[in-house]
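Understanding the architecture of this molecule
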Amino acid sequence: MHLGVIGYGAIGQELLALLAPLGIARTTLLVRPGREAEAEALLKTRGEGQGVRVTSDPLALLDCTLVAEVAGHSAVVAHGEALLAAGRDLLVVSVGALADDALHDRLLAAAGASGARLILPSGAVGGIDILSALAPAGDLQLRYTGTKPPHAWKGTPAEEVCDLGALTAPHVFFEGSAREAALAYPKNANVAATLALAGPGFDALQVRLVADPGATGNAHRYDLVSPLANVSVDIANRASGGNAKTSLATVYSVFREIRNRLGPVAI
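One structure accompanies this document, and this report is about it. Residues take numbers from 1 onward in each chain, read along the sequence in its written order. Reporting in this predicted model follows two pLDDT cut-offs: at least 70 for local features of residues, and 80 or more for side-chain atom pairs to be given and counted; totals over whole chains, interfaces and linings ignore these cut-offs and use all residues. The side-chain numbers reported here are obtained from all heavy atoms of the structure, hydrogens and water having been left aside.

All right, on to the sheet that holds strand 6 (residues 118-119) then. As a general point, the strands of a sheet are linked pairwise by backbone hydrogen bonds and lie either parallel or antiparallel. Two strands pair under a simple rule: DSSP has to find at least two bridges between them. Starting at the N terminus, helices and strands are each numbered in turn, a helix being any DSSP run of H or I of at least four residues and a strand any DSSP run of E of at least two. Spatially, 3-2-1-4-5-6 is the arrangement adopted by the 6 strands of the open sheet, whose pairing is parallel. The outermost strands of the open sheet, each flanked by one partner alone, are strand 3 (52-55) and strand 6. Where strand 1 (residues 2-6) meets strand 2 (residues 26-30), 5 bridges bridge the pair, whose relative direction is parallel. Among the inter-strand pairings, Ile6 is bridged to a residue of strand 2, identified as Leu30.

Pairing is mixed across the open sheet formed by 5 strands, whose spatial order is 8-9-7-10-11. Two strands lie at the open edges of the sheet, namely strand 8 (171-177) and strand 11 (230-237), each paired on one side alone. Neighbour-to-neighbour, the strand axes of this sheet turn through a mean angle of 10 degrees, independent of strand direction. Relative to strand 11, strand 10 (residues 218-225) runs antiparallel, the two sharing 8 bridges. Note that in strand 11 the partner of Ala219 across the bridge is Ala236. By definition in these notes, contact holds between two residues if any of their heavy atoms fall within 4.5 Å. Every angle, taken between N-to-C directions, lies between 0 and 180 degrees, and every axis is a line fitted to C-alpha atoms, over only the stretch in contact when it is a helix. The strands touched by helix 8 (residues 190-198) within the sheet are strand 7 (141-148), strand 9 (206-211) and strand 10, with strand 7 carrying the most contacts at an inclination of about 165 degrees.

Position of Gly127 among the secondary structure elements: in the loop between strand 6 and helix 5 (128-134). Separated by 106 residues in sequence, Gly127 and Val233 place their C-alpha atoms 7.0 Å apart.

For this analysis, a ring pair means two rings from Phe, Tyr or Trp (six-membered ring only for Trp) whose centres lie within 6.5 Å, classed as stacked if their planes differ by under 30 degrees, edge-to-face if by over 60, and tilted for the remaining angles. Summed over all chains, the structure comprises 4 aromatic pairs. Ring geometry for Trp153 and Phe173: centres 4.8 Å apart, planes at 75 degrees, overall edge-to-face. A residue pair is termed long-range when its members are at least 10 positions apart, and Trp153 in the loop between strand 7 and helix 6 (158-161) and Phe173 in strand 8 qualify at 20 residues. Each of the two residues, Trp153 as well as Phe173, counts as buried. Where Phe173 meets Tyr185, the ring centres are 5.6 Å apart and the plane angle is 55 degrees; that geometry is what we call tilted. Taken as a pair, Phe173 in strand 8 and Tyr185 in the loop between helix 7 (178-184) and helix 8 lie far apart in primary sequence, 12 residues in all. Residue Phe173 shares its accessibility class with Tyr185, and that shared class is buried. Partly exposed describes any residue whose relative accessible area lies between the buried limit of under 20% and the exposed limit of over 50%, with all areas from a 1.4 Å probe on protein chains only and scaled to the type maximum.

Think of a ball as big as a water molecule: rolled over the atoms, this probe shows where empty space is left. Its boundaries defined by the atoms lining it, the largest pocket holds a volume of some 1100 Å³. For the largest pocket, the lining is made up of 47 residues, of which Gly7, Gly9, Val70, Ala71 and Gly72 are closest to its centre. Contributing elements (two or more residues each) for the lining of the largest pocket: helix 1 (10-19), helix 2 (36-46), helix 3 (73-85), helix 8, strand 10 and strand 13 (243-247). Looking at the lining of the largest pocket, the element that brings in the most residues is helix 3, giving 5 residues. The residue classification treats Ala, Val, Leu, Ile, Met, Phe, Trp, Tyr, Cys and Pro as nonpolar and Asp, Glu, Lys and Arg as charged. All others, Gly included, are polar. Grouping the amino acids of the lining of the largest pocket by side-chain chemistry returns 21 nonpolar, 20 polar and 6 charged. Computed over the protein atoms alone on a 1 Å grid, cavities are sets of points where a 1.4 Å probe fits but cannot get out and pockets are open sets with protein on both sides within 12 Å along at least five of seven lines; a residue lines them when it has an atom within 4 Å of a point. Grid points are joined across faces, edges and corners, and a volume is the space filled by probe spheres set on the points.

So, about the packing of helix 1 against helix 2. The contact between helix 1 and helix 2 brings their axes to 12 Å, and the two run at 40 degrees. Between helix 1 and helix 2, the crossing angle belongs to the class labelled oblique. Our pair here, helix 1 against helix 2, has a crossing hand that is right-handed. For the pair helix 1 and helix 2, contact is made by Gln13, Glu14, Leu16 and Ala17 and by Leu42, Leu43 and Arg46, respectively. Of the residues contributing to the contact of helix 1 with helix 2, the split by class is 4 nonpolar, 1 polar and 2 charged. Roughly parallel refers to an angle under 35 degrees, roughly antiparallel to one over 145, roughly perpendicular to one between 65 and 115, and oblique to any angle outside these ranges. It is the rotation of the near helix from the far one that decides the hand of a crossing: anticlockwise by less than a right angle makes it left-handed, clockwise makes it right-handed.

This is the structure:
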């Protein structure tokens, strides 16, 4: 496999550390212009530079068989369509970017024309398999609540709704659709977007976002009522060491998708 990775922030660093023991023959790491030397030095310090080429030229990804995006919504906008149009399978972590219908349609059209696959990992949430399986039966009722410590919501519109630093109890600062959540909280609401795409859609999924001073990590709960089954999923995730907005489980979900492409068994 020739793996491409877009982004070397908190998720990218954790991911490459996990991938190192797998012995992937070639990895191309795309970083922002001017960040090449910094990324190469960090890879060397962490002992993960073997077989990794660092570049800021997106054309270098066209030689990859699978590209994993771990850099945010802007990276999906900048690179997604071109990669899929070129027939490269694309693993998208920033699922919330697909709340933009025009972008979503362009990505699907590019993948359909080339035969490439747009792969959406489960990220920080579980049970996506049963949700996706039940969705074709229709008549889904799905509600999601995402809870994180107040500092994980810094730099977001939550600061305009409440004083995050003064909270002494859980505070619901957002209630609305998954589309509204994904667009307003691009670094915090990718789970809502994943649930929406696997289930009833961006406008049908109702979302609550909560800042909880007692939270020690990132929690996700959803309740599904379907003609075929009722499902409740409650997950308490440990946050990534480098980014409180991101659950460490997200990194492992990307790792799982890549590992499944390498071995004789996918699970």
